[in-house]
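Observations on chain architecture
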Amino acid sequence: MINIYTRKINTLFGWTVFMAVLLVSCNKNNSESIIIATAANAQFAVEEIVEKFENETGINVEIVSSSSGKHTAQIEAGAPYDVFISADMKYPEQLYKLGLTENKPKVYAYGKLVLWTLNDIPAESIKDLPLIKATHIAIPNPKTAPYGRAAMEALQYYQLFDTLKNQLVYGESIAQANQFILSKSVDIGFSAASVAMAPKMKGKGKWFIVDTSSYSPIEQGAVILSNSSNINSAMKFYDYLFSDVSKDILIRHGYEVTDNNL
């Protein structure tokens, strides 16, 4: 079992993000700007949604992308975010129970797990992992990352964990797992379809969907935060996230969206 990140680096990164958010908050026009805290896997889809939202409303939106766990810790510490777009429902519900949200969290999309490689590996299914003899397989930390939990469930579903456990390289988050994949530090890795399918990733390796029946649904939730200084603008964006326009964008980015989410 390989772990290649350090607590010192993570702490420094967390404070850097937090201070950047404070600077953005100090400079924003309260009547026209909001800050969106978004999960790393949703970054590319949210960027496209934000672009359309800004064009339609004239409201400026700043996006801060990080792991949902880090965002949650920052929100609990008073970070001036207006809307939280999470990689699961666990963290928004945690904030809701603490009284830090304006509304009960709602699922905006269901994520899909993929295996992604930039190497010439003859794999077409998760079942092929033992056959390709991969030395390193990236996986987000299943203790904190929703896609890591899904990947672990899939490995256990196919009875592959015991066979592959010594090849697993644990990233702190899906963003770090993606770094391992893109830098070819690993042979192949688990990620989100929304990242592998993003226009910015076009032509970068190959990927395939892991059967959704092999892991629990990845319910990705959003919530308006009580700490918002622009509650009206935050509500407008939150509603827009569940609009037909956003639904089409989310589907194109690899998510599943049902009518119940609108």
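The structure this text deals with has already been given above.
We now turn to the structure provided with this report. (Residues numbered from 1 in each chain as written. Predicted model: local features only at pLDDT ≥ 70, side-chain atom pairs only at ≥ 80, totals over all residues. Heavy atoms only, no water.)

Quick word on the overall build of the chain
Operational definition: The helix and strand labels rest on DSSP assignments: H or I over at least four residues marks a helix, E over at least two residues marks a strand, and numbering proceeds from the N terminus. Summary of the burial criterion: residues with accessible area below 20% of their type's maximum are buried, those above 50% are exposed, and those between are partly exposed, where the area comes from a 1.4 Å probe applied to protein chains only. Pairs of residues are marked as contacts when any of their non-hydrogen atoms sit within 4.5 Å. Values of accessible area rely on a 1.4 Å probe in the Shrake-Rupley scheme; residue burial ignores everything except the protein chains shown.
A tally of regular secondary structure across the chain gives 11 helices and 11 strands. Relative to its full complement of 262 residues, the chain shows a buried share of 53%. Across the chain, every contact between residues at least 6 apart in sequence was considered, and the portion connecting residues at least 24 apart equals 77%. Surface exposure of the chain reaches about 12,200 Å², of which carbon and sulfur atoms provide 51%.

Let's talk about the environment of Leu160
Mapping Leu160 onto the fold places it in the loop between helix 6 (146–157) and helix 7 (161–164). Here the alpha-carbon distance between Leu160 and Leu129, two residues 31 residues apart in the chain, equals 8.4 Å. Not counting residues up to four positions away in its chain, the partners in contact with Leu160 are Ile126, Lys127, Pro130 and Leu155.

Digging into the pattern of salt bridges
When charged atoms on two side chains of opposite charge get close, those side chains can pair. Our working definition: The term salt bridge refers to a side-chain nitrogen of Lys or Arg lying within 4 Å of a carboxyl oxygen of Asp or Glu.
Under the counting rule described, the total for this entry stands at 5 salt bridges. A salt bridge links Glu48 to Arg252; its shortest N-O distance comes to 2.5 Å. Of this pair, Glu48 sits in helix 2 (residues 43–57) while Arg252 sits in helix 11 (residues 244–252), and the two are 204 residues apart along the sequence.

What about helix 10 (residues 231–241)?
Where we set the bar: The directions from the helix axis to the C-beta atoms are what the arc is built from.
Restricting attention to buried positions, one finds in helix 10 the residues Ser233, Ala234, Phe237, Tyr238, Tyr240 and Leu241. An end-on view of helix 10 places all buried positions within 160 degrees of arc, on one side of the element. Summarising the geometry of helix 10, the exposed residues directed more than 90 degrees from the buried face are Asn232 and Asp239.

Details of the sheet that holds strand 3 (residues 60–66)
For the record, the criterion: Strands are labelled as partners when DSSP assigns at least two bridges between them. Note on geometry: axes are lines fitted to C-alpha atoms, helical ones only across the stretch in contact, with angles between N-to-C directions running from 0 to 180 degrees.
Reading across the sheet, the 5 strands line up as 3-2-4-11-5 and stay open at both edges, with mixed pairing between neighbours. The open sheet has two edge strands, strand 3 and strand 5 (106–111), and neither has a second partner. Strand-to-strand twist of the sheet, defined as the mean angle between neighbouring strand axes without regard to direction, takes the value 20 degrees. Across 5 bridges, the pairing between strand 5 and strand 11 (residues 218–224) is antiparallel. The partner of Lys106 across the bridge, within strand 11, is Ala222.

What to know about the nonpolar core
Put simply, the rule is: Only buried Ala, Val, Leu, Ile, Met, Phe, Trp, Tyr and Cys residues count toward a nonpolar core, and they belong to the same one when joined by side-chain atoms within 4.5 Å.
In terms of nonpolar packing, the biggest core is built from 70 residues, with Leu155 and Phe190 touching the most fellow members. Apart from residues lying up to four places away in sequence, Leu155 is in contact with Ile126, Leu129, Ile139, Leu160, Phe161, Leu164, Leu168 and Phe190. In terms of nonpolar packing, the next biggest core, distinct from the first, is built from 11 residues, Ile35, Tyr91, Val223 and Leu225 among them.

Notes on helix 6
This is how it is decided: Each residue after the first adds 1.5 Å to the expected span of a helix.
For helix 6, with 12 residues, the first-to-last C-alpha span of 16 Å sits near the 16 Å given by 1.5 Å per residue. Along helix 6, the residues classified as buried are Pro146, Tyr147, Gly148, Ala150, Ala151, Met152, Ala154 and Leu155. The positive-phi residue at the C-terminal boundary of helix 6 is Gln159, with phi of around 55 degrees.

Points about the packing of aromatic side chains
Our working definition: In summary, the pairing rule links any two rings of Phe, Tyr or Trp, Trp by its six-membered ring, whose centres are within 6.5 Å, and it sorts them by plane angle into stacked for under 30 degrees, edge-to-face for over 60 and tilted for everything else. A ring is scored as having a charge over it whenever the NZ atom of a lysine or the CZ atom of an arginine sits within 6 Å of its centre and within 35 degrees of its normal.
In this structure the tally under the stated criterion is 4 aromatic pairs. Both rings, one in Phe53 and one in Phe237, keep their centres 5.1 Å apart while their planes meet at 90 degrees; by these two values the pair is edge-to-face. Here Phe53 is found in helix 2, whereas its partner Phe237 is found in helix 10, with 184 residues between them in sequence. Residues Phe53 and Phe237 agree in their burial class; the two are buried. Positioned above the aromatic ring of Phe242, the side-chain terminus of Lys106 is 4.4 Å from the ring centre.

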